[in-house]
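Observations on the three-dimensional arrangement
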Amino acid sequence: MPVFELQIRAVLDRVSSISAPSDYSWSFVFTCGSCGENTPKPVTFDESMSVDLIRGAKVTLTIKCKFCERTSEVTLLDEPHVYSDSGEFKPFVGLDCRGTSPSLWNIIEPLTIKGENGFIFEDTEIVNQEFFGYDEDLNQESSVSEFEHVLKRRR
């Protein structure tokens, strides 16, 4: 039951955190653990999804490989999806994967960006690894720059 982490890193200027809301739709391309084929399209899911397995087990979703027809399971771990350390790679979301591994994250929904004084930027999109906004509480520009992400196996 390997757990994979989506880790993010960014330079935060007058921004206290980047987070994903509880109803955030995650979108990943997965690689089959048997044959190495990628899912033909990104797989989108959220925390509310649940699939019942035998013996009462539950997972977030199951994926059937189009090439070798093996079924894999993915569970979205219930962890806070918040980043607040400027400049360092930190875990953002964890995925318990059985028979597959995530290979690419697609940002399909806006993330929540919070200013230093708690101002919430609405409908934020990180474009070209950057976000620029105006914090009306501070009357200053706030920004996220050098936004990067990696997928790593948790140890």
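Here the structure is a predicted model, which is why all the values come from computation and not from measurement.

Some details on the overall build of the protein
Each helix and strand counted, the protein has zero helices and 15 strands in total. Each of the three principal axes of the protein carries a C-alpha extent, and together these read 55 × 30 × 30 Å. Per-residue burial for the protein yields a buried fraction of 41% across its 155 residues. Within the protein, residue pairs in contact and separated by at least 24 positions form 60% of the contacts whose partners lie at least 6 positions apart. Of the accessible surface of the protein, which amounts to about 8800 Å², a share of 44% is contributed by carbon and sulfur atoms. For the protein, the separation between the mean place of its 15 positive charges and that of its 26 negative charges on side chains is 13 Å.

Structural notes on the pattern of salt bridges
Taken as a whole and assessed by the stated rule, the structure comprises eight salt bridges. When the shortest N-O distance is used, the salt bridge between arginine 154 and glutamate 5 registers 2.8 Å. A residue pair is termed long-range when its members are at least 10 positions apart, and arginine 154 in the segment after strand S15 (140-153) and glutamate 5 in strand S1 (residues 3-13) qualify at 149 residues. Two residues, lysine 58 and aspartate 52, come together in a salt bridge whose shortest N-O distance is 3.7 Å. The exposure classification of lysine 58 matches that of aspartate 52, with both residues exposed. Taken together, the shared-partner salt bridges connect Glu5, Glu79 and Arg154 into one network.

Regarding the packing of aromatic side chains
Summed over all chains, the structure comprises ten aromatic pairs. With a centroid separation of 6.0 Å and an interplanar angle of 50°, the aromatic rings of phenylalanine 28 and phenylalanine 30 are classed as tilted. Across this residue pair, the class does not change: phenylalanine 28 and phenylalanine 30 are buried. Where phenylalanine 30 meets phenylalanine 45, the ring centres are 6.4 Å apart and the plane angle is 35°; that geometry is what we call tilted.

Focus on the state of the cysteines
By definition, a disulfide is the covalent link that joins the sulfur atoms of two cysteine residues. Applying the stated rule across the entire model yields zero disulfides. Free of any disulfide, cysteine 65 has its nearest neighbouring cysteine sulfur in cysteine 35, separated by 3.5 Å. Lacking any disulfide linkage, cysteine 68 is separated from the closest cysteine sulfur, that of cysteine 32, by 3.6 Å. Taking the relative accessible area as the measure of exposure, cysteine 68 reaches 32% and is therefore partly exposed.

Considering the side chain of threonine 124
Relative to the helices and strands, threonine 124 is located in strand S13 (residues 120-124). Owing to a relative accessible area of 4%, threonine 124 belongs among the buried residues under this scheme. Within the local environment of threonine 124, its side chain forms a polar contact with the backbone oxygen of leucine 111, the two atoms lying 2.2 Å apart. The residues contacting threonine 124, other than those within four sequence positions of it, are Pro110, Leu111, Thr112, Ile113 and Phe131.

Digging into the confidence of the model for the protein
In the predicted model, the protein carries a mean pLDDT of 93, and 99% of its residues have values of at least 70. Confidence, expressed as mean pLDDT per element, reaches its minimum in the protein at S13 with 88 and its maximum at strand S3 (residues 26-32) with 98.

Concerning the environment of arginine 154
Looking at arginine 154, the relative accessible area reads 31%, which means it is partly exposed. Arginine 154 sits 40 residues away from lysine 114 along the chain, and the two C-alpha atoms are 27 Å apart. Once you skip the residues sitting within four places of it in the chain, arginine 154 turns out to touch Val3, Phe4, Glu5, Leu77, Glu79 and Gly94. Here glutamate 79 takes part through its side chain, which lies 2.9 Å from a polar atom of the side chain of arginine 154.

Definitions and limits used
Residues numbered from 1 in each chain as written. Predicted model: local features only at pLDDT ≥ 70, side-chain atom pairs only at ≥ 80, totals over all residues. Heavy atoms only, no water. Helix = DSSP H or I, 4+ residues; strand = E, 2+ residues; numbered from the N terminus. Buried < 20%, exposed > 50% of the residue type's maximum accessible area, 1.4 Å probe, protein only. Contact = heavy atoms within 4.5 Å. Areas by Shrake-Rupley, 256 points an atom, 1.4 Å probe, with all protein chains shown as cover. Lys, Arg positive; Asp, Glu negative; His and termini not counted. Charge placed at Lys NZ, Arg CZ, Asp CG, Glu CD. Salt bridge = Lys/Arg side-chain N within 4 Å of Asp/Glu carboxyl O. Phe/Tyr/Trp six-rings, centres within 6.5 Å; stacked < 30°, edge-to-face > 60°. Disulfide = S-S within 2.5 Å. Polar contact = N/O pair within 3.5 Å; in protein donor to acceptor, adjacent residues only side chain to side chain. pLDDT = per-residue confidence, 0-100.

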